[in-house]
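The lines below spell out each chain.
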Number of protein chains: 2
Amino acid sequence: MSQPTELFDPAARWAAPDPEPIVGDDLRVLLRQAFAIEEDGAGASPAAVVLEVAPSRLSLVALQALGAVVGPEHVVVEDAARAAHANGMSYLDLVRRSAAPPTVPDAIVLPAAHEEVGAILRACSEHGVAVVPFGGGTSVVGGVAPTRGSFDAVVALDLQRLDALLEVDDVSWTATLQAGVTGPRAEELLAEHGFTLGHVPQSFERATIGGYAATRSSGQLSTGWGRFDALVERVRVATPAGDLDLGRAPGTAAGPDLRQLVLGSEGAFGVITSVTVRVRPLPEVRRHEGWRVADLATGVGILRTLAQRGPKPDLARLSDEVETAMGVYSAHPPGGGTDEAGGCLLLVGWEGAAADVAYRAEAATAILRAAGATPLGEEAAESWRHGRFRAPRLRDELLGAGMLIETLETATTWRDLEALHARVGETLRTALDGASPIVACHVSHLYAAGASLYFTVLARRDGDDPVAQWSAAKTAVMETLTGAGATLTHHHAIGADHAPWLAAEIGELGVDVLRAVKARLDPAGVLNPGKLLPAD
Amino acid sequence: MSQPTELFDPAARWAAPDPEPIVGDDLRVLLRQAFAIEEDGAGASPAAVVLEVAPSRLSLVALQALGAVVGPEHVVVEDAARAAHANGMSYLDLVRRSAAPPTVPDAIVLPAAHEEVGAILRACSEHGVAVVPFGGGTSVVGGVAPTRGSFDAVVALDLQRLDALLEVDDVSWTATLQAGVTGPRAEELLAEHGFTLGHVPQSFERATIGGYAATRSSGQLSTGWGRFDALVERVRVATPAGDLDLGRAPGTAAGPDLRQLVLGSEGAFGVITSVTVRVRPLPEVRRHEGWRVADLATGVGILRTLAQRGPKPDLARLSDEVETAMGVYSAHPPGGGTDEAGGCLLLVGWEGAAADVAYRAEAATAILRAAGATPLGEEAAESWRHGRFRAPRLRDELLGAGMLIETLETATTWRDLEALHARVGETLRTALDGASPIVACHVSHLYAAGASLYFTVLARRDGDDPVAQWSAAKTAVMETLTGAGATLTHHHAIGADHAPWLAAEIGELGVDVLRAVKARLDPAGVLNPGKLLPAD
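Procedures and definitions
Residues numbered from 1 in each chain as written. Chains lettered and ligands numbered in written order. Predicted model: local features only at pLDDT ≥ 70, side-chain atom pairs only at ≥ 80, totals over all residues. Heavy atoms only, no water. Helix = DSSP H or I, 4+ residues; strand = E, 2+ residues; numbered from the N terminus. Buried < 20%, exposed > 50% of the residue type's maximum accessible area, 1.4 Å probe, protein only. Contact = heavy atoms within 4.5 Å. Areas by Shrake-Rupley, 256 points an atom, 1.4 Å probe, with all protein chains shown as cover. Lys, Arg positive; Asp, Glu negative; His and termini not counted. Charge placed at Lys NZ, Arg CZ, Asp CG, Glu CD. Pairing = 2+ DSSP bridges. Expected span 1.5 Å × (residues − 1). Arc of directions from axis to C-beta. Axes fitted to C-alpha atoms, helices over the stretch in contact; angles between N-to-C directions. Parallel < 35°, antiparallel > 145°, perpendicular 65-115°, else oblique. Left-handed = near helix turned anticlockwise from the far one by under 90°. Nonpolar A, V, L, I, M, F, W, Y, C, P; charged D, E, K, R; others polar. Buried area = accessible area lost by both parts, 1.4 Å probe. Salt bridge = Lys/Arg side-chain N within 4 Å of Asp/Glu carboxyl O. Polar contact = N/O pair within 3.5 Å; in protein donor to acceptor, adjacent residues only side chain to side chain. Least-squares fit on C-alpha atoms with pLDDT ≥ 70 in both.

Help me understand the overall build of chain A, please; the structure alone is not making it clear to me.
Each helix and strand in chain A was counted, giving 18 helices and 18 strands. In terms of overall dimensions, chain A has C-alpha extents of about 70 × 60 × 45 Å along its principal axes. By the burial criterion, 60% of the 536 residues in chain A qualify as buried. Nonlocal contacts in chain A, meaning residues at least 24 apart in sequence, comprise 76% of its contacts between residues at least 6 apart. Carbon and sulfur atoms make up 52% of the accessible area of chain A, which totals about 18,900 Å². Charge separation in chain A, taken as the distance between the mean sites of 44 positive and 67 negative side-chain charges, equals 4 Å.

Below is the structure:
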């Protein structure tokens, strides 16, 4: 194995850890009291548990075939590497790791070129080996689970060696990045040319360009700058049946936009090897502000006005009363909220040329003031900005304190947004009744027709069967979402966890269309079994 | 036949004709001199020729099956109706009509509900009858040609009775329109609620909501307001295999966006029966202006700045030197250009709230002045606006004068735009050498990464074989576009005419993916044979 082992260390998946724990000893005691968590038996962080893994099932002939493509040193079968590719980052991923030895891939394959990816897919099709494309490994929906499906073995196809910026077109403001480039690395590479991608999901530190594309990622600036799928000009894909190279012009009517079949395909149709994305010059100015509004309805009204009448901010995030009171964006969460006055915290921000930022911020200020909002200054937003990537680490610490903590998200129209907020909250509180549930939410990702809702749920973890506890709550939420006509997921994707409900979103016939596409591109069915498409 | 016959009169496809010919007798003489057109043998307008049509081949059993779905009075077999559904609006459509009796559909079927459309498709699948979905009949790429494919008969499925506004959501700013609603009718219906769709393609007067969606239409305000495909929130489709109802939220990561398989599917996968689109309040203010710039490169630089740095105008249209000199937007085309000074005409416009229009117009004015542009005032733009729907009628008159006149369009990146402009112009002038060709072009539909090029070509029509003359030129352009990596079409779609080059755009594997989708949704293959997908 030629790779530094830290590349496979789950603890290294997030960037430089905080020097100090986010949750100190005092807060830990408080949490245990608040959620009635017993000291014993719930203390260990599931994320930290290390268990033995089963021997590799990869056949020698398959190992040799893959080694012939990428070189034997790039087919890795060591236990540590396999354990590090065993799961994504969902609450259940972490909880399950503590309950039993994880299912791990039988090998990690590390191609260095588009052509090698295609050859790997053909070899796996020939030898009956399932393939799980693996970028940053940050899926929270089981998207990288090493599922064998009907095959004897499964490999993780880790794209980290596809890490180059292939081209910058500084006239058309586009850049072609290989799939394995991470969020921070993309920014480093583009900054050398004076550009930024400006796509900042929660998983930014580890997630990759290919993952953004395969899961239809959405970032913190997506209100102004667009979802990742809206930034893609061109995409190159290796499939078992051959290559796709889609996207010839910024606008076209040359049949259906097949790029949109690839975006969101979650490795079930092929492996994205490079993406040409829109970029923009590094912003001259960044301005983020906090405001307090009287209640959720007032805040939603403000966001709707900004989204529909404009000018749109780049960042918009409205915490409901619970999230505001928890002070999750304050420097020392969880704390006392924005201040004693209650209400809801609204973050709004602009980036770009100075004149443009000034115009948009002034227009928004007028809308905010007209709706009775109180300015909290830039500090309130900078506090959020400073801590915005700490959520995964905070979650790990809360898991260690014996808690259930998970997030889920959806989107709907402005007309239905507040009713859906109430229904999902009620569903979660009912499902977790008895475990001191707290459900917090923010509205973000504004569109002309609606917005997303992002829920965080905290409760006392059921030490006996935490999987059943959360699975029941998650199922109840899925039924609520589909019953309300909302989407299953705004930016977490389908993976394995949402696949049973895909037909409720796109219909049985829609699922069959996806199956027809998969059958054409992946006739052997080796690509990411059980993800996106529900099992037959 | 219960429909008023004028619904089937080709001459009535465009709104109220001008009281006077656009091309007067004097200009007609001048054109003949300029293009060396002989008086005799080239005078009749192909558009006006009426020829006999062949008897219907529809079997009695199929006629009865269709009549059982929609009522016998809504299955029309009269010659006039069939002739009116024989073709679209391309130059070759019109020229071919004068050369031989047109191929006409064997019947027109007029459903009044989504469920009837599905039942028609099942009946046609059962009885082996090809189906051509028919909206406004304005295709310029052979999209409504009544091709039988491998079947004995073909019917036109005319959607004009699906003409309702089903719902307006005035909170989320969306409206659900049935597929047969025309552009003007959509505006009438929405205006009653204070909204506008704001989608204005050249074919606006006759084109329909379903046609906009099926062909990925782009309108004159698409720079600011978006292509039609970008306005679609939800789409309902009847297919032989069942219904699709796609689009649950304004943003989602629930797998690939299957709406994008329907948009641009050109009736080959199913029939779009209703579309939920974004709408906006009727604009408070409209401001359109003309400017003169020194040359094409200067104008392209201005457009690129507007598109990338913003704020974007809603309308942007830059005529090259030839189009400017022809004065196609003046009140009396073709005339003497914007004035004696030459250069290029640039039209730019904004619509919306007064403050927003003022801000964007002022910012654009600064960019225009910095680039040395000369203001021509609102009159120059209003002249274009006044005559913007006359092009089809002008074309009919020029056809009557013995001319070849056709348009074609593409799109590419800003980096490649000027080189592509030169190459396509050179290709057309070479292909039509000896026929006094004139090639004019405008840049429009601005995107951050590029723009469209819209060419108009004028020449002396080859009276002996006009089809071969234009086919050779068109083929040469297609080879130039694919060789340059540009798209085959920015908003005219694929139809029959572009189908041979689809694989050059999306690859053979991309075409195969579309075939796999079609096989799942239309197993009998009755839907629009020979359109979108090249014949096997």
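How do you make sense of unusual backbone geometry when you look at a structure like this?
Most peptide bonds take the trans configuration, and most residues that are not glycine carry a negative phi. All names here are of chain A. The omega angle of the peptide bond from Gly 310 to Pro 311 is -5°, so this bond is cis rather than trans. Structurally, Pro 311 is set in the loop between helix H11 (296-308) and strand S13 (315-319). Phi at Ser 436 takes a positive value of approximately 50°, unusual for a residue other than glycine. Within the secondary structure, Ser 436 is located in the loop between helix H16 (417-431) and strand S17 (438-444).

In this structure, what is going on with the sheet that holds strand S1 (residues 75-76) of chain A? I would like to understand it.
For sheets, the rule is that strands pair by backbone hydrogen bonds, running either parallel or antiparallel. Residues and elements named next belong to chain A. The 4 strands are arranged S1-S2-S4-S3 in an open sheet whose pairing can be described as mixed. Each having just a single partner strand, S1 and strand S3 (129-134) make up the two edges of the open sheet. With 3 bridges joining them, strand S2 (residues 107-109) and strand S4 (residues 153-158) adopt parallel strand pairing. Across the sheet, Ile 108 pairs through a bridge with Ala 156, a residue of S4.

How do you make sense of helix H13 (residues 354-370) of chain A when you look at a structure like this?
Residues lying three or four places apart along an α-helix face the same way, a consequence of the helix completing one turn every 3.6 residues. Residue and element names in this part refer to chain A. Taking 1.5 Å per residue as the helical rise, H13 with its 17 residues ought to reach 24 Å, and the 24 Å between its terminal C-alpha atoms agrees with that figure. Among the residues making up H13, those that are buried are Val 357, Arg 360, Ala 361, Ala 364, Thr 365, Ile 367 and Leu 368. Buried residues of H13, seen end-on, are gathered within an arc of 165° and therefore sit on one face of the element. In H13, those exposed residues whose orientation departs by more than 90 degrees from the buried face are Ala 355, Glu 362, Arg 369 and Ala 370. The inward-facing, buried residues of H13 contact strand S12 (285-293), H11 and strand S14 (344-352). After H13 finishes, the residue Gly 372 shows a positive phi value of roughly 85°.

Please clarify how the packing of helix H18 (residues 502-521) of chain A against helix H18 (residues 502-521) of chain B should be interpreted in this entry.
For any two helices packed against each other, the geometry comes down to the angle between their axes and how far apart the axes lie. In contact at an axis separation of 9 Å, H18 of chain A and H18 of chain B are set at 140° when each is read in the N-to-C sense. Taken together, the axis directions place H18 of chain A and H18 of chain B in an arrangement best described as oblique. The element H18 of chain A and its partner H18 of chain B pack so that their crossing is right-handed. Contact with H18 of chain A, carried on its side by Leu 509, Asp 512, Val 513, Ala 516, Val 517, Arg 520 and Leu 521 of chain A, involves Leu 509, Asp 512, Val 513, Ala 516, Val 517, Arg 520 and Leu 521 of chain B of H18 of chain B and no other residues of that element. Residue composition of the contact of H18 of chain A with H18 of chain B, by class: 10 nonpolar, no polar and 4 charged.

Where do I start with the interface of chain A and chain B in this structure?
Accessible area lost on assembly of the parts is the figure often given for the size of an interface. Opposite the 78 residues of chain A that make contact, chain B presents 78 residues. Here chain A meets chain B over a buried area of about 5,900 Å², counting both sides, of which 62% is carbon and sulfur. For chain A, the biggest contributors to the area lost against chain B are Arg 248, Pro 256 and Leu 509 of chain A; these three give 13% of the whole. If you look at where chain A meets chain B, you find 6 salt bridges. Among the salt bridges present, the one from Asp 169 of chain B reaches Arg 415 of chain A, with a minimum N-O distance of 3.4 Å. In this assembly, chain A and chain B are joined by 35 residue pairs in polar contact (both at pLDDT 80 or more). The element contributing the most residues to the side of chain A that touches chain B is H18 of chain A, with 13 residues. Grouping the constituent residues of the side of chain A that touches chain B by class yields 36 nonpolar, 23 polar and 19 charged.

Looking at this structure, how should I read the relation of the copies chain A and chain B?
What relates the two chain copies is a rotation about an axis together with a slide along it. In screw terms, the move from chain A to chain B is a rotation of 180° and a rise of 0.0 Å along the axis, fitting with an RMSD of 0.0 Å. The symmetry that links the two subunits is that of a two-fold axis.

What is the right way to read the pattern of salt bridges from this model?
On inspection of all chains with the given rule, the structure shows 40 salt bridges over all chains. Across the pair Asp 106 of chain A and Arg 148 of chain A runs a salt bridge, and its minimum N-O distance is 2.9 Å. Here the residue Asp 106 of chain A occupies a position in the loop between helix H4 (91-99) and S2, and Arg 148 of chain A occupies one in the loop between S3 and S4, the gap between them amounting to 42 residues. The two residues Asp 106 of chain A and Arg 148 of chain A agree in class, both being buried. Note that Asp 512 of chain A and Arg 520 of chain B form a salt bridge whose closest N and O atoms lie 2.6 Å from each other.

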